[in-house]
Amino acid sequence: MTDQPVLITGGAGYIGSHTVRHLVSQGTKIVVLDNLAYGHPEAIIDASVELVIGDTGDRDLVRSLFEKHRFGAVIHFAAFAYVGESVTDPLKYYWNNTAEPIALLQVMREFDCKVFVFSSTCATYGTPAKIPIDESTPQNPINPYGHSKLMVERILRDCGHAWGLRSACLRYFNASGCSADGLIGEDHDPETHLIPRVLMAVTGEIDALEVYGTDYPTPDGTCIRDYIHVEDLAEAHALALDHLLSGKESIRCNLGTGQGISVKEIIAAAEKVTGKTVPVRYGPRREGDPPELVADPSLARETLGWTAKHRDVLQIVGAAWAWMDGSRKGRYPR
């Protein structure tokens, strides 16, 4: 770790807030910059963390933070992540996800800050020709969201060549779960991810879970995804930060479990965890959904010493339920 503070953009969001807690537990001084468009200030539960409300692309604000704190590194989570919205409003995504990080990088260069951990995504691969997906898989995004993230990966590479920036691009798969103590968890509005929507169907917050397609070439006909627990993701970001701060080279690696879980398997796990039936409506396939997306996480193991600890589907769904049926109720009366 570094004796200097670390700036975490988007640190009040889902994965960002878990990473903040993980780093604080290791003694790292953290400053969070978040515009709270999708983040939640109450997710920053450690009193030592300074939360600054503002945009990553606000150069004057970012410059003032660097002048005050002299950051040793930046972890960048701040981004929009709704694939469908990126198709209907691409400029929103290219501005927020690509242009604003450029402003951040410009300030980093001014202050000679050369460590950048980037929240990337498996969406940069598009529809892969082979499973599991390793880092040699061609990156061919099929939507503006994936393109906006891939552009930043390429910008980081070029900055590495130009002024010695060291970066870690962490391409993660389907984030899931919540903190072990259930105090923070997945909290999107609107919520589009499968596991929370399954549980929202259980609580009655939605009438039924929509399942798109039961005729995929998979064992039970539904899509298969690699669900990676949010605390495993937080640990990976901390390890990537250590990797770069120790002077090691830039890395690009997948974060996943290496195992696939189908939609129907998630539903069955939710019913077992909650003891309740999940109301489901089955419909046709959704355009653009690949049958299967599973990571090959070997490179992360080799370079960072990281392996996902949460692999059991009941554990993954149970963690999400602990949040949805626990702390969240205090903030979202039903």
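For the structure, see preceding data.
The rules behind the values
- Residues numbered from 1 in each chain as written.
- Predicted model: local features only at pLDDT ≥ 70, side-chain atom pairs only at ≥ 80, totals over all residues.
- Heavy atoms only, no water.
- Salt bridge = Lys/Arg side-chain N within 4 Å of Asp/Glu carboxyl O.
- Helix = DSSP H or I, 4+ residues; strand = E, 2+ residues; numbered from the N terminus.
- Buried < 20%, exposed > 50% of the residue type's maximum accessible area, 1.4 Å probe, protein only.
- Pairing = 2+ DSSP bridges.
- Axes fitted to C-alpha atoms, helices over the stretch in contact; angles between N-to-C directions.
- Polar contact = N/O pair within 3.5 Å; in protein donor to acceptor, adjacent residues only side chain to side chain.

S.K.: Report on the pattern of salt bridges, specifying residues and quantitative values.
M.R.: The final tally for this structure, using the stated rule, is 12 salt bridges. Put simply, Asp60 and Arg63 hold a salt bridge, and the shortest N to O gap is 3.2 Å. Taken as a pair, Asp60 and Arg63 lie in helix H2 (residues 59–69) at a separation of 3 residues, close to a single helical turn. Across the salt bridge formed by Glu235 and Lys309, the nearest N and O atoms sit 2.8 Å from each other. With Glu235 in helix H7 (residues 230–245) and Lys309 in the loop between helix H9 (298–304) and helix H10 (313–324), this residue pair connects regions lying 74 residues apart in the sequence. For Lys309, a relative accessible area of 56% puts it in the exposed group. One salt-bridge network, held together by shared partners, links Asp60, Arg63 and Glu110.

S.K.: Describe the sheet that holds strand S5 (residues 115–121), and please don't skip the residues or the numbers.
M.R.: Ordered in space as S3-S2-S1-S4-S5-S6-S11, the 7 strands form an open sheet in which the pairing is parallel. Whereas interior strands pair on both sides, the edge strands pair on one side only; in this sheet they are strand S3 (50–53) and strand S11 (251–255). Neighbouring strand axes in the sheet, compared pairwise and without regard to direction, differ in orientation by 20 degrees on average. Pairing analysis gives 3 bridges linking strand S4 (residues 73–76) to S5, with the strands arranged parallel.

S.K.: Please give an account of the side chain of Arg225 that cites residues and values.
M.R.: Structurally, the position occupied by Arg225 is in strand S9 (residues 224–225). Here Pro290 takes part through its backbone oxygen, which lies 2.9 Å from a polar atom of the side chain of Arg225.

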